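Below are the chains, spelled out letter by letter.
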Amino acid sequence: MKKASIISIIFMSAALLLAPVCKAKEQQFNAAQVKAMQQIVHDYIVQNPEVLIEASQTLQKQQMNKFADVVKQVQNNIPKYKEQLFTSKGRPVAGNKNGKVMLVEFFDYQCPHCQVMGPVVDKLIKADPDLQVVFIELPIFGEASQYASAAALASMQQGKYYQFHKALTKKGYPITKDDVLHIAQSLGIDTDKLQKDMQSKQVAQQLNTNYKLAKEVGIKPPLGTPAFFVGNLDKNKFRFVPGQVQQQNLQQAIDYVSR
């Protein structure tokens, strides 16, 4: 039998090897046939382990292609949503609040990649006095993330957002409600006022707006947080930079939209 045919049989029979169908409405194979097919697949894999490597490489290639397609789609979506993306209205900002070049980050406080990128973003701010950084809270890792994001947005009322943001990002996963309040207190934030402000319609509306924008622009699996958008509205130039990257990758995007 040709190798291609054997590989096809392996893919078609893998489910039978790993999880036999015992309660299907219409069984295509009896117990003896299932056992025989499992043994054929098992024996072939043992005798030809390189097939597993080939299958893994094929899957990896498919995943990379899917990732590239989604990234391209998000990049293509930017012009349609540029006004919603590249605005600081109602959002926390760091760096130059009047900067023409904007770095917009979607993030979650419990995202390990966001934790890594925190110091990178801070270095970019310190290195470029004209850079405006806009933070878009996108709590996708459950209730604790939602609590932390609501607290961070509420801290804007006390002028402590960026300090609080950096401390929460540094804490990273796992983060609890007690962690959030303890960090706030350590930064001199009035936690009673903070918890009251967290319940405001403004905070709830901002989070809902963030979720909606992320969905519309195309931040979805295999994409997640962090997700960076670099733009210059005056020059109508934009770049999308997904995930955990080197500082130079973001700097290249900043340089591109600045020219």
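1. Describing the overall build of the chain
Right, on to step 1. Tallying secondary structure elements over the chain gives ten helices and five strands in all.
Right, on to step 2. Counting only residues that meet the buried cut, the chain has 41% of its 259 residues in that class.
Right, on to step 3. Restricting to contacts in the chain with at least 6 residues of sequence separation, those with at least 24 account for 73%.
Right, on to step 4. Accessible surface for the chain amounts to roughly 15,100 Å². Of this, 53% is attributable to carbon and sulfur atoms.

2. So, the pairing of strand 4 (residues 227–232)
Right, on to step 1. Most of strand 4 is tucked away: six of the six residues are buried.
Right, on to step 2. For strand 2 (residues 101–107) and strand 4, the ladder comprises six bridges, and the chain directions are antiparallel. Across the sheet, F106 pairs through a bridge with A227, a residue of strand 4.
Right, on to step 3. Here strand 4 runs beside strand 5 (residues 237–242); their pairing, made up of six bridges, is antiparallel. In the strand pairing of strand 5, G231 is matched with F238.

3. Notes on the pairing of strand 3 (residues 131–137)
Right, on to step 1. Burial of strand 3 is extensive: seven of the seven residues sit out of reach of the surface.
Right, on to step 2. Burial along strand 3 is two-sided: the residues L131, V133, F135 and E137 and Q132, V134 and I136 are all buried.
Right, on to step 3. Where strand 1 (residues 93–95) and strand 3 come together, three bridges link them in antiparallel fashion. Following the sheet pairing, A94 is matched in strand 3 by V133.
Right, on to step 4. Sheet topology note: the strand 2/strand 3 ladder contains seven bridges and is parallel.

4. Focus on the nonpolar core
Right, on to step 1. Counting 43 residues, the largest nonpolar core has L103, F135, F164, L168, V180, L194 and L250 as the members making the most contacts within it.
Right, on to step 2. A per-element tally of this core places helix 5 (residues 143–154) first, with seven residues.
Right, on to step 3. Once you skip the residues sitting within four places of it in the chain, F164 turns out to touch A151, A152, S155, V180, I183, A184, L187, I189 and L194.
Right, on to step 4. Grouped together as the second largest cluster of nonpolar side chains are 23 residues, V71, L85, V134 and L223 included.

5. Observations regarding the environment of P112
Right, on to step 1. For P112, the location among the structural elements is in helix 4 (residues 112–127).
Right, on to step 2. Since its relative accessible area comes to 45%, P112 is described here as partly exposed.
Right, on to step 3. Expressed as a C-alpha distance, the spacing of P112 and G172, which sit 60 residues apart in the sequence, is 6.5 Å.

6. Regarding helix 8 (residues 191–198)
Right, on to step 1. The set of residues buried in helix 8 consists of T191, L194, D197 and M198. The buried residues of helix 8 all sit within an arc of 120° when viewed along its axis, so they share a single face. Exposed positions of helix 8 whose direction lies more than 90 degrees from the buried face are D192 and K196.
Right, on to step 2. Where helix 8 is buried, its residues meet helix 5, helix 6 (161–171), helix 7 (177–186) and helix 9 (201–217).
Right, on to step 3. The backbone nitrogen of D192 has a side-chain oxygen 3.1 Å away, supplied by the residue at the start of helix 8, namely D190.

7. Some thoughts on unusual backbone geometry
Right, on to step 1. Of note, the amide linkage connecting Y173 to P174 takes the cis form, showing an omega dihedral of -10°.
Right, on to step 2. Note on placement: P174 falls in the loop between helix 6 and helix 7.
Right, on to step 3. Residue P221 is joined to P222 through a cis peptide bond whose omega torsion reads 5°.
Right, on to step 4. One can find P222 in the loop between helix 9 and strand 4.
Right, on to step 5. Positive phi, normally seen in glycine, also occurs at N236, with a value near 55°.
Right, on to step 6. As for its placement among the helices and strands, N236 is situated in the loop between strand 4 and strand 5.

8. Some thoughts on the environment of A151
Right, on to step 1. By the element assignment, A151 lies in helix 5.
Right, on to step 2. Look at A151 and you get buried, because its relative accessible area is 0%.
Right, on to step 3. Apart from the residues lying within four places of it in its own chain, the contact partners of A151 are F164, V180, L194 and M198.

Definitions and cut-offs
- Residues numbered from 1 in each chain as written.
- Predicted model: local features only at pLDDT ≥ 70, side-chain atom pairs only at ≥ 80, totals over all residues.
- Heavy atoms only, no water.
- Helix = DSSP H or I, 4+ residues; strand = E, 2+ residues; numbered from the N terminus.
- Buried < 20%, exposed > 50% of the residue type's maximum accessible area, 1.4 Å probe, protein only.
- Contact = heavy atoms within 4.5 Å.
- Areas by Shrake-Rupley, 256 points an atom, 1.4 Å probe, with all protein chains shown as cover.
- Pairing = 2+ DSSP bridges.
- Core = buried A, V, L, I, M, F, W, Y, C linked by side-chain atoms within 4.5 Å.
- Arc of directions from axis to C-beta.
- Polar contact = N/O pair within 3.5 Å; in protein donor to acceptor, adjacent residues only side chain to side chain.

Shape is all these values report; function is a separate question.
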